[in-house]
Amino acid sequence: MMVACAFGPMTAVAQDDSEGAGNIDVTGSGETATHECTPQSTVEITGESNTVTLTGECKSVTVNGSNNKVKVEATRAISVTGSSNSVTYKRGHGKSKPKISRTGMDNKVTQEK
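**Things to note about the side chain of Asn107**
- Within the secondary structure, Asn107 is located in the loop between strand S7 (99-102) and strand S8 (108-111).
- Classification of Asn107 by relative accessible area gives buried; the value is 10%.
- At 2.9 Å, the side chain of Asn107 and the backbone oxygen of Gly82 are in polar contact.
- Setting aside anything within four residues of it in sequence, one finds Asn107 in contact with Val80, Thr81, Gly82, Ser83, Ser84, Asn85 and Arg102.

**So, the state of the cysteines**
- Under the definition given, this model contains one disulfide.
- Between the sulfur atoms of Cys37 and its disulfide mate Cys58 the distance is 2.0 Å. Because the torsion about its S-S bond is 75°, the bridge between Cys37 and Cys58 counts as right-handed. Of the two residues, Cys37 sits in strand S2 (residues 32-37) while Cys58 sits in strand S4 (residues 51-66), which places them 21 residues apart along the sequence. Just as Cys37 is buried, Cys58 falls in that class too.

**So, the nonpolar core**
- In this structure, Val43, Leu54, Val70 and Val87 are the most contacted members of the largest nonpolar core, which totals 17 residues.
- Taken together, the elements giving at least two residues each to this core come down to strand S1 (24-29), strand S3 (42-48), S4, strand S5 (69-83) and strand S6 (86-91).
- Ranked by residue count, the leading element in this core is S4, at five residues.
- If we skip the residues at most four places from it in the chain, Val87 touches Val63, Val70, Val72, Ile78, Val80, Lys108, Val109 and Thr110.

**Quick look at the side chain of Thr75**
- If you trace the backbone, Thr75 turns up in strand S5.
- A distance of 3.1 Å separates the side chain of Thr75 from the backbone oxygen of Ala77, its partner in a polar contact.
- Apart from residues lying up to four places away in sequence, Thr75 is in contact with Cys58, Lys59, Ser60, Val61, Arg91, Gly92, His93 and Pro98.

**Some points on unusual backbone geometry**
- Even without being a glycine, Ser49 presents a positive backbone phi close to 55°.
- For Ser49, a relative accessible area of 34% corresponds to the partly exposed category.
- A positive phi angle, near 60°, is found at Asn67, a position not held by glycine.
- Within the fold, Asn67 resides in the loop between S4 and S5.

Thresholds applied
- Residues numbered from 1 in each chain as written.
- Predicted model: local features only at pLDDT ≥ 70, side-chain atom pairs only at ≥ 80, totals over all residues.
- Heavy atoms only, no water.
- Helix = DSSP H or I, 4+ residues; strand = E, 2+ residues; numbered from the N terminus.
- Buried < 20%, exposed > 50% of the residue type's maximum accessible area, 1.4 Å probe, protein only.
- Polar contact = N/O pair within 3.5 Å; in protein donor to acceptor, adjacent residues only side chain to side chain.
- Contact = heavy atoms within 4.5 Å.
- Disulfide = S-S within 2.5 Å.
- Core = buried A, V, L, I, M, F, W, Y, C linked by side-chain atoms within 4.5 Å.

Okay, here's the thing in structure tokens:
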């Protein structure tokens, strides 16, 4: 019993830490997913022909691969590598626009009107 009690709080802390980190990884081909971000969430989308919707405020969004379509409610930074990826965002954090980095061919990052 004492061992279970001793490890109980440690397990809870570890779960809180992992939830606090807020890392969201989407990997694959042809996936459709919706994820809720927190201001600490780091999002990485890797693969081909994925459709991802991100609600809430994300710390950063990274897209790698080709033909991915991503909609972001709010983020501080967007990084896109690969080809023919499309990222649409509503807003940055506060009054700032997100920092945008694009490498590759035919990648588009646009603000939703």
